[in-house]
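Residues per chain, in single letters:
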Amino acid sequence: MRVKQPPSRGHRWIPLRWDPRSDLPKTARLLARIALLVLLVAAGDRVTVFMAHQEWVLSHHAVIAVRLFTALPILRYPFEGFVMALEVDKWDWYWLAAGSQPESAQAVYQAWDKVIDLFPFAIGLVVSLRWPDLTMRRLLAGTFTLRIIGVAAFLLTRQRWLLVAFPNVFENLFLMYVVFRLVSGRGQMLVGRRSTLLVVLIAVVPKLVEEYFIHMLDRRPWDWVNLPLPDGIEPRVWIVAMY
């Protein structure tokens, strides 16, 4: 009778089905990380609202320091660190009271913000170099390069349509992969042309819509379509849909 040999050390066995009962400690850790992330985001929202009500304004140097520092956890925790970097990117508009500034100052903020955005993306790109999914690594490198070209062209010409022509697809792809890896435990997400095309479409189409609303219409989707949700929740529903 032939005896099946256990898998060699050089090959990692990947389960085809995920059973939370057989992997309870890992599931508990994942849920704890998500809960902590939610608490941090909620705390940041509270602090930002409090600062806005008190009319507290931070200096550009302080905001730059915060944005650079909060992007560093991406190196150790790609999902949580990247989400926090995106949240800080949202909060700095209120920290600088940019909405109460004249249009010329808001234009300066937009240019400054697009440049600072590249820092967490660059860290994410460095992190992706360790990933086993070669196709995803190439997509991230390509979309990051295209975004740099678009930002540089925008800074030189101040033509906002360039930010739509060179959309920020990098962040959608990065988030999709880190979520896939957290949930499935597998490193290979794109296994063929169909899966690659599907992921690219899911990443590109919502981002194009978002970029068009922000940079061409100068509005957010929730300013046009009001969902029957509380004001504090509706923007997050749209953001999740966009990402």
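Residues numbered from 1 in each chain as written. Predicted model: local features only at pLDDT ≥ 70, side-chain atom pairs only at ≥ 80, totals over all residues. Heavy atoms only, no water.

Colleague: Would you explain the pattern of salt bridges in this entry?
Modeller: Any two side chains of opposite charge can pair if their charged atoms end up close together. Considering all chains together, one arrives at 11 salt bridges under this definition. Between Arg147 and Glu211 there is a salt bridge; the shortest N-O distance is 3.4 Å. One end of the pair, Arg147, is in helix H5 (residues 134-157); the other, Glu211, is in helix H8 (residues 193-215), with 64 residues separating them in the sequence. In this pair, the class of Arg147 matches that of Glu211, namely buried. Several salt bridges converge on common partners, so that one network encompasses Arg67, Asp89, Asp92, Asp113, Lys114 and Asp117. (Salt bridge = Lys/Arg side-chain N within 4 Å of Asp/Glu carboxyl O. Helix = DSSP H or I, 4+ residues; strand = E, 2+ residues; numbered from the N terminus. Buried < 20%, exposed > 50% of the residue type's maximum accessible area, 1.4 Å probe, protein only.)

Colleague: Explain the packing of helix H4 (residues 103-128) against helix H7 (residues 169-184) to me, please; I cannot follow it from the model alone.
Modeller: Helix-helix packing is characterised by the crossing angle of the two axes and by the distance between the axes. In the contact formed by H4 and H7, the axes pass within 11 Å of each other and the chain directions differ by 45°. As the angle between them shows, H4 and H7 are arranged oblique. Note that H4 runs across H7; the crossing there is left-handed. When H4 is examined against H7, the residues Phe121, Gly124 and Leu125 are found in contact with a partner set consisting of Phe170, Glu171 and Phe174. Looking at the contact of H4 with H7 residue by residue, the classes come out as 4 nonpolar, 1 polar and 1 charged. (Axes fitted to C-alpha atoms, helices over the stretch in contact; angles between N-to-C directions. Parallel < 35°, antiparallel > 145°, perpendicular 65-115°, else oblique. Left-handed = near helix turned anticlockwise from the far one by under 90°. Contact = heavy atoms within 4.5 Å. Nonpolar A, V, L, I, M, F, W, Y, C, P; charged D, E, K, R; others polar.)

Colleague: Any chance you could explain the nonpolar core here in plain terms?
Modeller: In globular proteins that are soluble, nonpolar side chains generally tend to be buried together. Judged by nonpolar contacts, the single largest core of 41 residues is most densely connected at Ile74, Phe82, Trp131, Met136, Leu140, Phe170 and Phe174. Setting aside chain neighbours within four positions, we find Phe82 in contact with Ile74, Tyr77, Pro120, Phe121, Phe170, Glu171, Phe174 and Leu175. (Core = buried A, V, L, I, M, F, W, Y, C linked by side-chain atoms within 4.5 Å.)

Colleague: How do you make sense of the packing of aromatic side chains when you look at a structure like this?
Modeller: In this description, an aromatic ring pair is defined by two values, namely the gap between the centres and the angle between the planes. All chains considered together, the criterion is met by 12 aromatic pairs. With a centroid separation of 5.1 Å and an interplanar angle of 75°, the aromatic rings of Trp93 and Tyr109 are classed as edge-to-face. In this pair, Trp93 sits in helix H3 (residues 78-95) while Tyr109 sits in helix H4, placing the two residues 16 residues apart along the sequence. Given a relative accessible area of 24%, Trp93 falls into the partly exposed group. With a relative accessible area of 7%, Tyr109 lands in the buried category. When the ring of Trp131 is compared with that of Phe174, the centres are 5.2 Å apart and the planes differ by 40°; the resulting orientation is tilted. Within this pair, whereas Trp131 is found in the loop between H4 and H5, its partner Phe174 is found in helix H7, the two being separated by 43 residues in sequence. Phe174 carries the same exposure label as Trp131, and that label is buried. Taken together, the ring pairs in this structure connect Phe82, Phe121, Trp131, Phe144, Phe170, Phe174 and Tyr177 into an aromatic cluster. (Phe/Tyr/Trp six-rings, centres within 6.5 Å; stacked < 30°, edge-to-face > 60°.)

Colleague: Please explain the packing of H7 against H8 as it appears in this structure.
Modeller: Following both chains from N to C, one finds H7 and H8 inclined at 135°, their axes separated by 9 Å at the closest point. By the angle between their directions, the pair H7 and H8 is classed as oblique. Like other packed secondary-structure pairs, H7 and H8 cross with a definite hand, here right-handed. Across from Val169, Glu171, Asn172, Leu173 and Met176 in H7, the residues of H8 making contact are Val199, Ile202, Ala203, Val204 and Lys207. Of the residues assigned to the contact of H7 with H8, the class counts are 7 nonpolar, 1 polar and 2 charged.

Colleague: How do you make sense of the side chain of Lys114 when you look at a structure like this?
Modeller: The residue Lys114 is located in helix H4 in this model. You can call Lys114 buried: its relative accessible area is 7%.

Colleague: Is there a simple way to think about unusual backbone geometry in this case?
Modeller: A negative phi angle characterises most non-glycine residues, just as the trans form characterises most peptide bonds. Located in the positive-phi region is Glu55, a residue other than glycine, with phi close to 60°. Along the polypeptide, Glu55 turns up in the loop between helix H1 (24-54) and helix H2 (60-71). Even without being a glycine, Arg158 presents a positive backbone phi close to 60°. Mapped onto the fold, Arg158 is located in the loop between H5 and helix H6 (161-165).

Colleague: It is not clear to me how the confidence of the model for the protein should be interpreted in this structure. Could you clarify?
Modeller: Interpreting fine coordinate detail is not advised for predicted regions of low pLDDT. With 80% of its residues at a pLDDT of at least 70, the protein reaches an overall mean of 85. Mean pLDDT values for the elements of the protein range from 52 in helix H10 (residues 234-242) up to 96 in H5. Taken as a whole, residues 10-16 scores under 50 in pLDDT and shows 2 contacts with residues more than four places along the chain or in a different chain. (pLDDT = per-residue confidence, 0-100.)

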